[in-house]
Amino acid sequence: MTTRSTEHASFAIERMYEAEPERVFAAWADQTAKARWFGGPDGETEYELDFRIGGRELSRGGEPGGPVYTYEAVYRDIVPNERIVYTYDMYLDEARISVSVTTVEIAAAGDGTRLTFTEHGVFLDGLDSPALREEGTGHLLDGLGADLRGEPVAGW
């Protein structure tokens with residue numbers, strides 16, 4: 001019998017970007033733009049984005065012969081150039097490893113944009129951890145910054 005567990009955690013990450021809020025928002029809203037920085041594990045086989053309230057996002061893939069990671073999101077609230085709220089599940093192969101609600105706040109700050117990413121999650125059965133999720137999210141947001149600067153985005 002498998003031992004079941006839950007770990008609840010929240011974290012917030014802030015980034016400053018030298019781009020106007022409209023460009024930062026567009027990097028989340030456009031499938032081609034988001035695929036450049038959000039990417040996914042090497043060997044990603046599937047990516048879809050339907051960016052609207054009630055719309056879904058899917059990213060699935062992994063190393064050849066390794067586990068498959070799946071990210072399934074539903075957009076709950078969108079205020080253009082200001083706020084994105086979504087819920088998402090993460091899977092490792094067929095096992096659900098976490099469920100989260102996330103808010104992305106976008107605000108003009110000087111000549112650029114301040115992005116605040118806040119996540120509240122429940123991490124399931126010891127298959128994922130808040131520390132790993134926060135670290136991975138930080139890398140994704142750094143990739144967004146690189147993309148906004150026109151630089152190549154390092155894979156994860």
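Details of the structure are given in the entry above.
Described below are features of the structure shown in this document. (Residues numbered from 1 in each chain as written. Predicted model: local features only at pLDDT ≥ 70, side-chain atom pairs only at ≥ 80, totals over all residues. Heavy atoms only, no water.)

With respect to the overall build of the chain
Next up, step 1: A tally of helices and strands in the chain yields three helices and seven strands.
Next up, step 2: Reading the chain from its N terminus to its C terminus gives the helix and strand order β-α-α-β-β-β-β-β-β-α.
Next up, step 3: Whereas a compact globule of 156 residues would reach a radius of gyration of roughly 15 Å, the chain reaches 15 Å, a difference of no more than 12%.
Next up, step 4: C-alpha extents for the chain along the principal axes are approximately 55 × 30 × 30 Å.
Next up, step 5: The proportion of buried residues among the 156 residues of the chain is 45%. (Helix = DSSP H or I, 4+ residues; strand = E, 2+ residues; numbered from the N terminus. Rg over C-alpha atoms; globule rule 2.2 N^0.38 Å. Buried < 20%, exposed > 50% of the residue type's maximum accessible area, 1.4 Å probe, protein only.)

Remarks on the nonpolar core
Next up, step 1: In terms of nonpolar packing, the biggest core is built from 30 residues, with Trp 28, Tyr 86 and Leu 115 touching the most fellow members.
Next up, step 2: Sequence-distant contacts of Trp 28, that is, excluding residues within four places in its chain, are made with Lys 34, Trp 37, Leu 49, Phe 51, Ile 84, Tyr 86, Val 104, Leu 115, Phe 117, Leu 141 and Leu 144. (Core = buried A, V, L, I, M, F, W, Y, C linked by side-chain atoms within 4.5 Å. Contact = heavy atoms within 4.5 Å.)

What about the side chain of Asp 128?
Next up, step 1: Its place among the elements puts Asp 128 in the loop between β7 (112–124) and α3 (130–148).
Next up, step 2: Discounting residues that sit within four places of it in the chain, Asp 128 has contacts with Ile 97, Ser 98, Phe 123 and Arg 133.

What to know about the packing of helix α2 (residues 31–38) against α3
Next up, step 1: Interhelical geometry of α2 versus α3 gives an angle of 120° and a closest axis separation of 8 Å. Considered as vectors, α2 and α3 are oriented oblique to each other. For the pair α2 and α3, the contacting residues are Ala 33, Arg 36, Trp 37 and Phe 38 in the first and Leu 140, Gly 143, Leu 144 and Asp 147 in the second.
Next up, step 2: For the contact of α2 with α3, the class distribution of residues is five nonpolar, one polar and two charged. (Axes fitted to C-alpha atoms, helices over the stretch in contact; angles between N-to-C directions. Parallel < 35°, antiparallel > 145°, perpendicular 65-115°, else oblique. Nonpolar A, V, L, I, M, F, W, Y, C, P; charged D, E, K, R; others polar.)

Side note on the sheet that holds strand β1 (residues 6–17)
Sheets are built from strands paired through backbone hydrogen bonds, the pairs being either parallel or antiparallel.
Next up, step 1: Across the sheet, which stays open at both edges, the seven strands sit in the order β1-β7-β6-β5-β4-β3-β2 with antiparallel pairing between neighbours. Here the strands that pair on one side only, and so sit at the sheet edges, are β1 and β2 (46–49). On average, each strand axis in the sheet is inclined to that of its neighbour by 15°, with strand direction left out of account.
Next up, step 2: Sheet strands in contact with α2 are β2, β3 (56–61) and β4 (69–79), and its direction is about 135° off that of β2. (Pairing = 2+ DSSP bridges.)

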